[in-house]
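Letter by letter, the chains look like this.
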Amino acid sequence: MSHPPMSPEQRHAMDLLLTRHSPWPLVEPAPDAAALDLVFAAAMRAPDHGQLRPWRFVLVRGDARLVLGQVFARAARARDPYDDGERFRAKAVAAPLLVALVAQVKAPHKVPESEQVLATGAAVMNMLNALHILGYGGFWATGVNAYDDNVKAALGLGAGDRLLGFLYMGTPKDRLQPPERQDAAGFVREWVPQS
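Residues numbered from 1 in each chain as written. Predicted model: local features only at pLDDT ≥ 70, side-chain atom pairs only at ≥ 80, totals over all residues. Heavy atoms only, no water.

**Some remarks on the overall build of the protein chain**
Logical step 1: Assigned secondary structure in the protein chain consists of six helices and five strands.
Logical step 2: Walking the protein chain from its N terminus toward its C terminus, one meets helices and strands in the order α-β-α-β-α-α-β-α-β-α-β.
Logical step 3: Once the C-alpha set of the protein chain is aligned to its principal axes, its extents read approximately 60 × 45 × 35 Å.
Logical step 4: Out of the 195 residues belonging to the protein chain, those deemed buried represent 38%.
Logical step 5: The long-range share in the protein chain, meaning contacts at least 24 apart out of those at least 6 apart in sequence, stands at 78%.
Logical step 6: Side-chain charges of the protein chain comprise 21 positive and 20 negative groups, with the mean position of each set lying 3 Å from the other. (Helix = DSSP H or I, 4+ residues; strand = E, 2+ residues; numbered from the N terminus. Buried < 20%, exposed > 50% of the residue type's maximum accessible area, 1.4 Å probe, protein only. Contact = heavy atoms within 4.5 Å. Lys, Arg positive; Asp, Glu negative; His and termini not counted. Charge placed at Lys NZ, Arg CZ, Asp CG, Glu CD.)

**Description of the layout of surface pockets**
Logical step 1: Reported here for the largest pocket is a volume of approximately 270 Å³.
Logical step 2: Along the wall of the largest pocket there are 17 residues; nearest its centre are H21, P23, P172, R175 and L176.
Logical step 3: Here the lining of the largest pocket is built from residues that sort into nine nonpolar, five polar and three charged.
Logical step 4: Contributing to the lining of the second largest pocket are 13 residues, with K91, A141, T142, G143 and Y168 lying nearest its centre.
Logical step 5: Of all the secondary structure elements, the ones that give two or more residues to the lining of the second largest pocket are α4 (86-91), β4 (137-141) and β5 (161-172). (1 Å grid on protein atoms, 1.4 Å probe; cavity = no way out; pocket = protein on both sides within 12 Å on 5 of 7 lines; lining within 4 Å. Points joined across faces, edges and corners; volume = space filled by probe spheres on them. Nonpolar A, V, L, I, M, F, W, Y, C, P; charged D, E, K, R; others polar.)

**Overview of the packing of helix α2 (residues 33-43) against helix α5 (residues 113-133)**
Logical step 1: Their axes nearest at 7 Å, the elements α2 and α5 cross at an angle of 145°. As α2 runs across α5, the sense of the crossing is right-handed. The residues of α5 that touch α2, namely those facing V39, F40, A42 and A43, are A123, N126, M127, A130 and L131.
Logical step 2: Grouping the amino acids of the contact of α2 with α5 by side-chain chemistry returns eight nonpolar, one polar and no charged. (Axes fitted to C-alpha atoms, helices over the stretch in contact; angles between N-to-C directions. Left-handed = near helix turned anticlockwise from the far one by under 90°.)

**A few points about α2**
Logical step 1: Within α2, burial applies to A35, L36, V39, A42 and A43. The arc that holds the buried residues of α2, viewed along the axis, is 120°, so those residues lie on one side. Residues of α2 that are exposed and point more than 90 degrees away from the buried face comprise A33, A34, D37 and L38.
Logical step 2: As for α2, its buried residues are in contact with β2 (55-61), β3 (97-104), α5 and β5.
Logical step 3: For α2, the capping residue at the N-terminal end is D32, with a side-chain oxygen 3.3 Å from the backbone nitrogen of A34. (Arc of directions from axis to C-beta. Polar contact = N/O pair within 3.5 Å; in protein donor to acceptor, adjacent residues only side chain to side chain.)

**Overview of the nonpolar core**
Logical step 1: Counting residues in hydrophobic clusters, the biggest one holds 26 residues, and the most contacted among them are F57, V99, L101, M127, L167 and M169.
Logical step 2: Mapped onto this core, the elements with two or more residues apiece are α2, β2, β3, α5 and β5.
Logical step 3: The contacts of V99, once residues within four sequence positions are left out, are F57, V58, L59, G165, F166, L167 and M169.
Logical step 4: A92, A100, A141 and L155 belong to the second-largest nonpolar core, a separate cluster that totals 21 residues. (Core = buried A, V, L, I, M, F, W, Y, C linked by side-chain atoms within 4.5 Å.)

Below is the structure:
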């Protein structure tokens, strides 16, 4: 199926979208206030069954990252008394800005929990795309701290909140070429009904 030719603006937008990747490491500068406004505005455009807007974002920057590092280290020691937690402490300062990604699940509700979590994931993907368009880098990480009740409590999350990980934001240290694009054909098939 052919489609109409793309305008230069559409081609540029697609080129940007198709070069998005998760650069690492990320350094200063982090997105400024104006850029963050655009990033969060993009999050608000995510598909959202029931218009629940289940996404919540907790910004951690500056010295608050050091305190989060202490939270991570304590949580690691609580999980394993032989773990000094230093590798987790370092994760809290691995980028100039971290955003805790939270799905504030409403339950019971006619919109299933899975759809509320997926909506939050879609919001995060919009944020990653916006960061890329603005020339910043974003790296979404999960790991054991995303599932740790001590970390959730320290961030002020409630029982119904799901911590979906942390979005590290900053400027890519190295302007490397994105990884080679994988052909989508191996991931797509057409459903043919059986008669």
